[in-house]
Amino acid sequence: MHLFLKEKWEVEGLQTVGILLVVCSSLKLMHFLGLIDLSTADSVEDDFELSTVCHRPESMDKLEEQTKFTKKELQVLYRGFKNECPCGVVNEENFKTIYSQFFPQGDSSMYAHFLFEAFDTNKNGSVSFEDFVFGLSIILRGTINDRLNWAFNLYDLNKDGCITKEEMFDIMKSIYDMMGKYTYPTMEDDIPREHVESFFQKMDRNKDGVVTIEEFIESCKKDENIMQSMQLFDNVI
């Protein structure tokens, strides 16, 4: 995957890599939690059970209604989540630790922070199983618009409904830091900002200094590489 990202970095620039990393890092997280293979589903009990938990999730029947996962898929997702997060929730520090294992060659802490914020929809400093599956349901089973809305929320750091140039740069800089040695000597320190400047100008169609959700979705849909990256989620589980 690193070679693939490196080639994309050189040819397409940071804007595409940013979207691709939402895809690839989510797949890595699912693989880490053992969620890709459904073969273990039969050994999972029908109801959520933990001997000692800090948080007990909603019933699977209710989650099945609220997401686009089947009951069997939810069983597999919960088993993987429970194995790695026995308390029933994951905090930001644990989330960062997981991502540091994915990208040991760089500093993934800031990107992990941004991604954690996107999953922590309740803003209570922890990601529960419900938070996790709601996000995955959008990423894996949502429409293109659903997925791009989720990505927009990741970039919209202060959640004011638009993306500023600095917000886009902060995300891209966190990706640059996370990729570490895989970007050197390919990229100079000023390259991330140059890429952001170029891509931001393309997205900010009315030149008002911010990118709205409509502008973001329209621009992404016109990018063939981003659209191809969206397809990586199809049929994952």
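Up top is the structure.
All chains use their own residue numbering, which begins from 1 and follows the written sequence. Where totals are concerned, whole chains, interfaces and linings use all residues; where local detail is concerned, this predicted model gives features only for residues with pLDDT of at least 70, and gives and counts side-chain atom pairs only at 80 or more. Neither water nor hydrogens contribute to the side-chain values; these are computed over all heavy atoms in the structure.

### Description of the overall build of the protein chain
When its secondary structure is counted, the protein chain shows 12 helices and four strands. When each of the 237 residues of the protein chain is scored for burial, the buried share is 50%. The contact criterion used throughout is that any non-hydrogen atoms of two residues lie within 4.5 Å. By sequence separation, contacts in the protein chain at least 24 residues apart represent 69% of the contacts at least 6 residues apart. A run of H or I in DSSP becomes a helix once it reaches four residues, and a run of E becomes a strand once it reaches two; helices and strands are each numbered from the N terminus. We call a residue buried when its accessible area falls under 20% of the maximum for its residue type, exposed when it is over 50%, and partly exposed in between, using a 1.4 Å probe and counting protein chains only.

### A word on the packing of aromatic side chains
Aromatic rings from Phe, Tyr and Trp, taking only the six-membered ring of Trp, are treated as a pair when their centres fall within 6.5 Å; an angle between ring planes under 30 degrees marks them as stacked, one over 60 as edge-to-face, and anything in between as tilted. Under the criterion given, the structure shown has nine aromatic pairs. Relative to Phe116, the ring of Phe95 has its centre 5.5 Å away and its plane inclined at 65°; by these criteria the two rings are edge-to-face. Remark: Phe116 occurs in helix 6 (residues 109-119) and Phe95 occurs in helix 5 (residues 92-102); sequence separation between them is 21 residues. Its relative accessible area of 0% is what places Phe116 among the buried residues. Taking 5.3 Å as the distance between ring centres and 65° as the angle between the ring planes, the aromatic pair formed by Phe119 and Trp150 counts as edge-to-face. In this pair, Phe119 is assigned in helix 6 and Trp150 in helix 8 (residues 144-155), connecting sequence segments 31 residues apart. Both residues of the pair, Phe119 and Trp150, count as buried. Put simply, the rings of Tyr78, Phe81, Phe95, Phe116, Phe119, Phe129, Phe132 and Trp150 pair up and form one aromatic cluster. Positioned above the aromatic ring of Phe169, the side-chain terminus of Arg193 is 3.8 Å from the ring centre. Consider the ring centre and the ring normal. A charge sits over the ring if Lys NZ or Arg CZ is within 6 Å of that centre and within 35 degrees of that normal.

### Topic: the nonpolar core
In these notes, a set of buried Ala, Val, Leu, Ile, Met, Phe, Trp, Tyr and Cys residues joined through side-chain atoms within 4.5 Å is what counts as a nonpolar core. In terms of nonpolar packing, the biggest core is built from 54 residues, with Phe95, Tyr99, Leu115, Phe119, Met168 and Phe216 touching the most fellow members. Once residues within four sequence positions are removed from consideration, Met168 is found in contact with Tyr155, Ile163, Val196, Phe199, Phe200 and Met203.

### What about the pattern of salt bridges?
One speaks of a salt bridge when a side-chain nitrogen belonging to Lys or Arg is within 4 Å of a carboxyl oxygen belonging to Asp or Glu. Evaluated as defined, the whole model comprises 11 salt bridges. With a shortest N-O distance of 2.9 Å, Arg141 and Glu73 are connected by a salt bridge. Residue Arg141 is located in helix 7 (residues 129-141), and its partner Glu73 is located in helix 4 (residues 71-84); the two are separated by 68 residues in the primary sequence. Between Lys165 and Glu197 there is a salt bridge, with its nearest N and O atoms 3.1 Å apart. Taken together, the positions of Lys165 in helix 9 (residues 165-179) and Glu197 in helix 10 (residues 191-203) put the pair 32 residues apart, joining distant regions of the chain. Connected through shared salt-bridge partners, Glu92, Glu93 and Lys96 make up one network.

### Describing the side chain of Asp156
With respect to the helices and strands, Asp156 occurs in the loop between helix 8 and strand 3 (162-164). No salt bridge is formed by the buried Asp156; the nearest opposite charge belongs to Lys159, separated by 5.9 Å. Setting aside residues up to four positions removed in sequence, Asp156 forms contacts with Gly161, Cys162, Ile163 and Glu167. In this tally, Lys and Arg are treated as positive and Asp and Glu as negative; His is ignored, and so are the chain termini.

### Thoughts on the packing of helix 5 against helix 6
At a minimum axis distance of 9 Å, the contact between helix 5 and helix 6 shows a crossing angle of 125°. As the angle between them shows, helix 5 and helix 6 are arranged oblique. Here helix 5 and helix 6 pass one another in a crossing that is right-handed. From helix 5, Glu92, Phe95, Lys96 and Tyr99 reach across to helix 6, where they touch Ser109, Tyr111, Ala112, His113, Leu115, Phe116, Glu117 and Phe119. Classification used: nonpolar for Ala, Val, Leu, Ile, Met, Phe, Trp, Tyr, Cys and Pro, charged for Asp, Glu, Lys and Arg, polar for all others including Gly. Here the residues of the contact of helix 5 with helix 6 sort into seven nonpolar, two polar and three charged. Note on geometry: axes are lines fitted to C-alpha atoms, helical ones only across the stretch in contact, with angles between N-to-C directions running from 0 to 180 degrees. Small angles under 35 degrees read as roughly parallel and large ones over 145 as roughly antiparallel, with 65 to 115 read as roughly perpendicular and the rest as oblique. In a left-handed crossing the near helix is turned counterclockwise from the far helix by less than a right angle, and in a right-handed crossing that turn is clockwise.

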